[in-house]
Amino acid sequence: MLTWKDQDVLMVTLRNISKRKRAENAFISSKRRLELAIKASNIGLWTCDFRGNKINFSERWKALLGYSGGGFSNSLKTFRAHLHPSDRYEAFSKMKAFLREPWADFECEYRMLHKDGDYRNILCRANLVKDKQGGLLNIVGSHIDITERRKQEEARSLFEKQLLESQKLESIGMMAGGMAHSLNNLMTSVLGNAALVKEDLGEDSSLSKRIQNLEDSASQASELCRKMLSFSGKGSLAVQEVELTQLAKDSLELISISLPEGTTMHSSFVEEMPAIKADPSEIQQLVLSLGFNGAEAIGEDGSGSLEFATEMCSMDQSDLVALSHGLDAQPGLFVYCLLYTSDAA
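Residues numbered from 1 in each chain as written. Predicted model: local features only at pLDDT ≥ 70, side-chain atom pairs only at ≥ 80, totals over all residues. Heavy atoms only, no water.

A. Region of interest: the sheet that holds strand 11 (residues 304-315). Read across the open sheet, the three strands follow the order 9-11-12; overall the sheet is mixed. Edge positions in the open sheet fall to strand 9 (263-268) and strand 12 (332-343), since each of these has one partner strand only. In this sheet, neighbouring strand axes are inclined to one another by 20° on average, regardless of whether the strands run parallel or antiparallel. Note: strand 9 against strand 11, six bridges, orientation parallel. Bridge pairing in strand 11 links His-266 to Glu-307. Against the sheet, helix 7 (residues 244-256) contacts strand 9, strand 11 and strand 12, and its axis sits at roughly 165° relative to strand 11. (Pairing = 2+ DSSP bridges. Helix = DSSP H or I, 4+ residues; strand = E, 2+ residues; numbered from the N terminus. Axes fitted to C-alpha atoms, helices over the stretch in contact; angles between N-to-C directions. Contact = heavy atoms within 4.5 Å.)

B. Fine view of the nonpolar core. Membership of the largest hydrophobic core comes to 22 residues, with the highest contact counts inside it found for Trp-46, Phe-57, Trp-61, Phe-79, Leu-83, Tyr-110 and Met-112. Broken down by secondary-structure element, the contributors of at least two residues to this core are strand 3 (43-49), strand 4 (54-57), helix 4 (88-100), strand 5 (106-113) and strand 6 (119-130). When residues no more than four places from it in sequence are discounted, the contact partners of Phe-79 are Phe-57, Trp-61, Phe-72, Phe-92, Tyr-110 and Met-112. Listed in part, the 20 residues of the second largest apolar core include Val-242, Ala-248, Leu-252 and Ile-298. (Core = buried A, V, L, I, M, F, W, Y, C linked by side-chain atoms within 4.5 Å. Buried < 20%, exposed > 50% of the residue type's maximum accessible area, 1.4 Å probe, protein only.)

C. Up close: the pairing of strand 7 (residues 136-145). Burial analysis of strand 7 places seven of its 10 residues in the buried class, which makes it a mostly covered element. Examined bridge by bridge, strand 3 and strand 7 share seven bridges and lie antiparallel to one another. Bridging across to strand 7, Trp-46 finds its partner in Gly-141. Judged from the nine bridges that link them, strand 6 and strand 7 form a sheet pairing that is antiparallel. Opposite Val-129, over in strand 7, you have Asn-138 as the bridge partner.

D. Spatial organisation of the environment of Phe-79. With respect to the helices and strands, the residue Phe-79 is situated in helix 3 (residues 76-82). Judged by relative accessible area, Phe-79 falls into the buried class, the value being 12%. Along the chain, Phe-79 and Phe-57 lie 22 residues apart, while their C-alpha atoms are 9.7 Å from each other.

If you want it as structure tokens, here you go:
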């Protein structure tokens, strides 16, 4: 109330604060969007105030480690206790170096203990906040769970490694096929000429036995070439009656020379098995794949053993439904090859 010309008057002032209100609403809306974005991006925030020597972890930061409320105290001691023992020294050393000589976009990766007992891969980023005089006020940082990303990277790395190994084996197979083809041609020439020489000399010649030994050795070399062609997948398809045990035995020769040092191989074969109609090369290729996969399963040090076995059993319709995976097979007697692996551990 004011007095003007001996009269009490009421003075009212009006001020347009529309701009301020719009600015406040915009700030609130922006803050809300930021909070939603941080939550959606799985980011936790933390600050370290040097004036009060306090550290604070946001609720989202704690939630990423399975905690809420006071379950994770705002202290450097608690933070350190949850760091993986192998990562503590490097993490704190990098942070100290950052405080001594700050650089833009500090970044550090370490593992932290989750409430469920497992460790999570964490990517920490931070920036310094200074006052007008250049003095250090605090550090503002983020905390991102990158566990799934690391798992995907490891899986991709493993796949790339396996792909590279597969490509190496394919190259070896192609090279082995080419060499086997050339050697087989040479052995064919050797066998042909040996037969002509033996015919010219006659069976009573003193050299006949040596020529026979030459033919036997060349035949064995030719058979080895055929196996190499089978391994490389360059053999021609020829379905015939074959005996599984004998094919398995033949395949073991190639497997044995390919095993790493320290790996032993055993066999337990049924000697008298009914013949089956199949391409010998395809069957041997399957046995070889079993052997090479078994050796790989043992591990890189090769300390273990492989045991091959052939067996036979009768299967009825119910067995076939469970095992055949849609193949058109009829009930009856079946023969099969088994591989058992064991490592030194």
